[in-house]
Amino acid sequence: MGKIVAGIGSSHIPSIGNAYDQNDQSPEWQPCWEGYKPAKAFLKEKGVTHAIVIYNDHGTDFFYDKCPTFAMGAADEYPIGDEGWGVRDLPPVKGDADFSWHLANSLIMDSEFDLTVCQEMVMDHGLLVPLPLLFDHDPEWTVKTVPLHINVLQHPLPTPNRIWKLGHALRKAVESYPEDARVAVVGTGGLSHQLNGTRFGHTNEGWDEEFLDKIEDDPEALIDIPHDIWMERGGAESVEMMMWLGMRGALTPDVNKIHRSYYMPMLTGMAVTVMEDAKAA
Amino acid sequence: MSKETGHSDHIPGTTVFTGQRSAKGLQLNKFAYSLRLAENRAAFEADPETYMNNYKLSDWEKQKIVEKDVKALIEEGGGSIYMLIKLGGVTGEGLASMGAQQRGESVEEFMKTRNVPLKQNT
Ligand SMILES: [Fe+2]
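Residues numbered from 1 in each chain as written. Chains lettered and ligands numbered in written order. Predicted model: local features only at pLDDT ≥ 70, side-chain atom pairs only at ≥ 80, totals over all residues. Heavy atoms only, no water.

Asker: Could you give an account of the overall build of chain A, with specific residues and numbers?
Answerer: Helix and strand counts for chain A come out as nine helices and 10 strands. In summary, chain A has a C-alpha radius of gyration of 17 Å against a globular reference of 19 Å for 281 residues, a match within 12%. Seen through its C-alpha atoms, chain A measures out along the principal axes to roughly 50 × 45 × 40 Å. Residues counted as buried form 65% of the 281 residues belonging to chain A. For chain A, restricting intrachain contacts to residue pairs at least 6 apart in sequence, the fraction spanning at least 24 positions comes to 81%. Accessible surface, chain A as shown: approximately 9,900 Å² in total, 48% of it carbon and sulfur. Separation between the mean location of the 21 positive side-chain charges and that of the 43 negative ones in chain A comes to 6 Å. (Helix = DSSP H or I, 4+ residues; strand = E, 2+ residues; numbered from the N terminus. Rg over C-alpha atoms; globule rule 2.2 N^0.38 Å. Buried < 20%, exposed > 50% of the residue type's maximum accessible area, 1.4 Å probe, protein only. Contact = heavy atoms within 4.5 Å. Areas by Shrake-Rupley, 256 points an atom, 1.4 Å probe, with all protein chains shown as cover. Lys, Arg positive; Asp, Glu negative; His and termini not counted. Charge placed at Lys NZ, Arg CZ, Asp CG, Glu CD.)

Asker: Could you give an account of the overall build of chain B, naming the residues involved and the relevant values?
Answerer: Along its length, chain B carries 10 helices and zero strands. Taking the principal axes of the C-alpha coordinates as reference, chain B spans close to 40 × 40 × 20 Å. With 122 residues in all, chain B has 51% of them scored as buried. Summarising the internal contacts of chain B: among those between residues at least 6 apart in sequence, 43% fall at separations of at least 24. Carbon and sulfur atoms form 52% of the exposed surface of chain B, whose accessible area is close to 5,800 Å². Looking at charge distribution, chain B has the averaged site of its 16 positive side-chain charges lying 6 Å from that of its 16 negative ones.

Asker: Help me get a handle on the sheet that holds strand 10 (residues 270–277) of chain A, residues and values and all.
Answerer: All names here are of chain A. What the eight strands build is an open sheet, ordered 6-3-7-2-8-1-10-9; its pairing is mixed. The open sheet has two edge strands with one neighbour each: strand 6 (116–118) and strand 9 (255–263). Shown here is a sheet whose adjacent strand axes are inclined to one another by a mean of 20°, direction ignored. Pairing of strand 3 (residues 70–73) with strand 7 (residues 144–150) involves three bridges; the strand directions are antiparallel. Counted as the bridge partner of Phe-70 is Ile-150 from strand 7. Here helix 2 (residues 30–45) sits on the sheet in contact with strand 1 (2–10), strand 8 (181–188), strand 9 and strand 10, set at roughly 15° to strand 10. Packed on one face of the sheet, helix 6 (residues 160–175) meets strand 1, strand 2 (50–55), strand 3, strand 7, strand 8 and strand 10 and runs near 150° to strand 1. (Pairing = 2+ DSSP bridges. Axes fitted to C-alpha atoms, helices over the stretch in contact; angles between N-to-C directions.)

Asker: Kindly report on the coordination of the iron ion, identifying the contributing residues and their values.
Answerer: Residues and elements named next belong to chain A. Bound to the iron ion on the protein side are His-12 (NE2), His-58 (NE2), Glu-240 (OE) and Glu-240 (OE), at distances that span 2.1 to 2.8 Å. Coordination at the iron ion is irregular: its four donor atoms span angles of 49 to 167° at the metal. Binding-site remark: the iron ion is held by donors from one chain whose sequence spacing is H-x45-H-x181-E. One end of the pair, His-58, is in the loop between strand 2 and strand 3; the other, Glu-240, is in the loop between helix 8 (227–234) and helix 9 (244–249), with 182 residues separating them in the sequence. Per residue, the accessibility class of His-58 equals that of Glu-240, and both read buried. (Donors = N, O, S within 2.8 Å, 3.2 Å for Na, K, Ca; no water. Tetrahedral: all angles 85-135°; square planar, octahedral: opposite > 155°, others 65-115°.)

Asker: Can you tell me about the pairing of strand 8 of chain A, naming the residues and giving the values?
Answerer: Residue and element names in this part refer to chain A. Most of strand 8 sits out of view: seven of its eight residues are buried. Here eight bridges tie strand 1 to strand 8, and the two strands are oriented parallel to one another. Looking at strand 8, one finds that Ser-10 is bridged to Thr-188. Relative to strand 8, strand 2 runs parallel, the two sharing five bridges. Following the sheet pairing, Val-53 is matched in strand 8 by Val-186.

What follows is the structure, given as structure tokens:
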């Protein structure tokens, strides 16, 4: 039987991927690496077999010519994308097409969550930044991944409430899977940052901390916040923080708080949270 | 809400990437998106003018690309920062310098405003 055991929230800042690939152990990177160690250890301890990773593509596979609001991978393997600086030295992401098709059937037929299903999908830093920090991957991945993309680049974006409900639908889908699967749901993105305009570089540590509190204890307080308010508080590009609600919505209302770290070095708040599903304790 | 931009743009210094802006910047962003692939980066580097013409870029767009005027490309041209950043794969320019340009600062000035100035090539 499928079972959701953990929820992870993580930033997916590209520079983390660069520093990881270069094994940068300088002091300014230590808070980031330290933040992921308990997350990786916990996922191993819980025997996680599958990860559903909610992320957004940033012009690796999807472009604005055809721009799905929600899209899920259904393949046994996903290639690593070139985003403009060469392909990272990581093995192709391992998938589980049967599990993905089960999720698609349940999401679309049971929950009327009719997303785009992709049999070919090229992986983007939205997924590839956190994944190697959470799971072993040498020489190959120890986890099977389901990539789940949400458009958070081109407005109109889905509402936070819709993403929250996607989480509920994912839980229903996982729990109806007849095979054994111990699933972690990973919500990625943010935290506060702005990349356009004279407001470039806007960050908001107070809001980031409040967001992290609410994700753990009161996620429903976040689901009615309009996009304009997210942008005002956290910066225009921080709307991707909404994707954490897809993860949180897949968990039990109460969770066991396992770990949380936060670091604001330069342009974007770097955060990691680990929550144990109350039914998996 | 403005008909032209599809947004009220009430946050100062912020250009929300709306459908209307995406429509305006479609060719520009398509050009920048194409640079994710190594063979396209090589072709652009070898002959920028021809490469940009193949994407039907306007004289204004080509000029702003050459001038590295990211601010104008985003505010007036419908550029998406997530696509324009891929120009950096050819020019070597990073996000921090694109940000500094939008703020009207030098990279050094911008870096002084940061908590921890990490290596700035992303
Ligand atoms: Fe992102």
